[in-house]
Each structure stands twice: as structure tokens, then as C-alpha cells.
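A look at the structure
For reference, the chains in residue letters:
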Amino acid sequence: MELHKLRRVYIEFAEIVFRDGFLDNQYTQLQQLQDESEPKFVLQVGTLFLEDSEKLLNELRSILDQQDVDFEKLDAFVRKLTGSSASIGAKRVKDVCMTFHDCCKKGSKEGCRKCLQQLAAEYRLVKRKLETLFKLETQILAAGGSVPLLSQ
């Protein structure tokens, strides 16, 4: 695909992702830290987010599978996921984490289970969106272009 078409597809896809609330302006702020010396900065940060999120989701599942749930430990992992999702701009994941945190404070195992299901679903959605953005970014860079800065 030609460079100008790749850039257009990237911008149009990103607009949909922002409009639907998957990402917020934190993602655009990360982009502003990316420059010619670090053209894959957002990709690297995003990849770390995806890897860490998988581990955290597994930890949350493991804790909730226990007979006696340690809600403080559960909440500590929820807070880690809240922070990492906020740092990349994964708004919908962060929002579910906030509800999850409230369920942890209340000691509601059933509420936490529901939040985990919702969190896993939102994570899968944002993961697909990010992977598509990263693929387009990689193609733009490979074609000799620079990734367009997004604005909200």
C-alpha cells in the first residue's frame, strides 16, 4: 500500500478508536514523546502494556479462584492494571478497573468476578485495536514515512 494511503488508513482507524472510547489523549501524549531517535517508542510502550496486562489478568483470575479471596492482594493487582492502562490511554480498561477497585473495597467476590469478565472483554478489544495501530505504524515506518501525530 502506498505511504499516503497507509497514513490515511491509520488516521481514520485511530479516529474510530478514539471516538469509541478505547483510547484517550494519554495515547496522543505518548506519541508526542516519539521522535526520529525513537520511532517505535509507542510500539514498545504498548507492547509492554499488553504483556503486563496478560500477566495481571492471570493473577486476578488466580486470586479469584481461591476459596478465601484476599481482597487487598486482588486490589493491589487491580491498581497495577489501572495504572498501566491509564499510562497508555486504554480508557475503557481503566474505567472497568475503577469499578473493580470499588468491588474489592466492598469485599464482593461476585462483583469482582463480574468485573474480571468485563475487564477481560475490554482488554481483548483494546488489544486488537492497539495491534492494528501498531501494525499500521510498522508499515508506515517500513515505507519510509513517519507515523502521523493523532489529535482528539
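A brief report on the enclosed structure follows. (Residues numbered from 1 in each chain as written. Predicted model: local features only at pLDDT ≥ 70, side-chain atom pairs only at ≥ 80, totals over all residues. Heavy atoms only, no water.)

With respect to the helices and strands, the residue Val126 is situated in helix H6 (residues 109–142). Taking the relative accessible area as the measure of exposure, Val126 reaches 2% and is therefore buried. Discounting chain neighbours no more than four positions away, the residues touching Val126 are Phe22, Leu23, Phe49, Ala90 and Val93. (Helix = DSSP H or I, 4+ residues; strand = E, 2+ residues; numbered from the N terminus. Buried < 20%, exposed > 50% of the residue type's maximum accessible area, 1.4 Å probe, protein only. Contact = heavy atoms within 4.5 Å.)

On the secondary structure map, Asp24 appears in the loop between helix H1 (3–19) and helix H2 (25–33). Within the buried core, Asp24 has no salt-bridge partner, and the shortest N-O distance to an opposite charge, that of Lys94, equals 4.1 Å. (Lys, Arg positive; Asp, Glu negative; His and termini not counted. Salt bridge = Lys/Arg side-chain N within 4 Å of Asp/Glu carboxyl O.)

So, about the nonpolar core. With 44 residues, the main nonpolar core has Tyr27, Leu60, Leu74, Phe100 and Leu119 as its most contacted residues. Residue assignment for this core shows that the elements contributing at least two residues are H1, H2, helix H3 (41–64), helix H4 (71–88), helix H5 (91–106) and H6. A total of eleven residues in this core trace back to one element, the largest contributor, which is H6. Tyr27 has contacts with Tyr10, Phe18, Val42, Ile88, Gly89, Leu130, Leu133, Phe134, Glu137 and Leu150, leaving out every residue within four places of it along the chain. (Core = buried A, V, L, I, M, F, W, Y, C linked by side-chain atoms within 4.5 Å.)

This part takes up the packing of aromatic side chains. Applying the stated criterion across every chain yields a total of two aromatic pairs. Pairing Phe18 with Tyr27 gives two aromatic rings, centres 6.3 Å apart and planes at 65°, and the pair type is edge-to-face. Residue Phe18 shares its accessibility class with Tyr27, and that shared class is buried. A cation sits over an aromatic face here: Arg92 above Phe22, 3.9 Å from the ring centre. (Phe/Tyr/Trp six-rings, centres within 6.5 Å; stacked < 30°, edge-to-face > 60°. Lys NZ or Arg CZ within 6 Å of the ring centre and 35° of its normal.)

Enumeration over the complete set of coordinates arrives at six salt bridges. Measuring nitrogen to oxygen at the nearest pair gives 3.3 Å for the salt bridge that ties Glu54 to Lys127. In this pair, Glu54 sits in helix H3 while Lys127 sits in helix H6, placing the two residues 73 residues apart along the sequence. Using a relative accessible area of 33% as the deciding quantity, one classes Glu54 as partly exposed. In this structure, the salt-bridge partner of Asp95 is Lys91, at a minimum N-O distance of 2.7 Å. In this pair, Asp95 and Lys91 are both assigned in helix H5, four residues apart and thus about one turn of the helix distant. Its relative accessible area of 32% is what places Lys91 among the partly exposed residues.

Turning next to H2. Listing the buried residues of H2 in full gives Tyr27, Thr28, Leu30 and Gln31. For H2, the buried positions fall inside an angular range of 155° around the axis, keeping them on one side. Exposed and facing more than 90 degrees away from the buried side of H2 are Gln32 and Leu33. For H2, the elements touching its buried residues are H1, H3, H4 and H6. The N-cap of H2, judged by a side-chain oxygen 3.0 Å from the amide nitrogen of Gln26 a few residues on, is Asp24. (Arc of directions from axis to C-beta. Polar contact = N/O pair within 3.5 Å; in protein donor to acceptor, adjacent residues only side chain to side chain.)

Next up on the list: H5. Its 16 residues place the ends of H5 23 Å apart at the C-alpha level, agreeing with the 22 Å of an ideal helix rising 1.5 Å per residue. Looking at the buried residues of H5, the elements they touch are H3, H4 and H6. Two residues or fewer after H5 comes Gly107, characterised by a positive phi angle close to 70°. (Expected span 1.5 Å × (residues − 1).)

Mapped onto the secondary structure, Gln34 falls in the loop between H2 and H3. Classification of Gln34 as buried rests on a relative accessible area of 15%. Within the local environment of Gln34, its side chain forms a polar contact with the backbone oxygen of Pro39, the two atoms lying 3.4 Å apart. Within polar-contact distance, the side chain of Gln34 engages the backbone nitrogen of Val42 at 2.9 Å. Those residues in contact with Gln34, other than ones at most four positions away along the chain, are Pro39, Lys40, Phe41, Val42, Leu43 and Val147.

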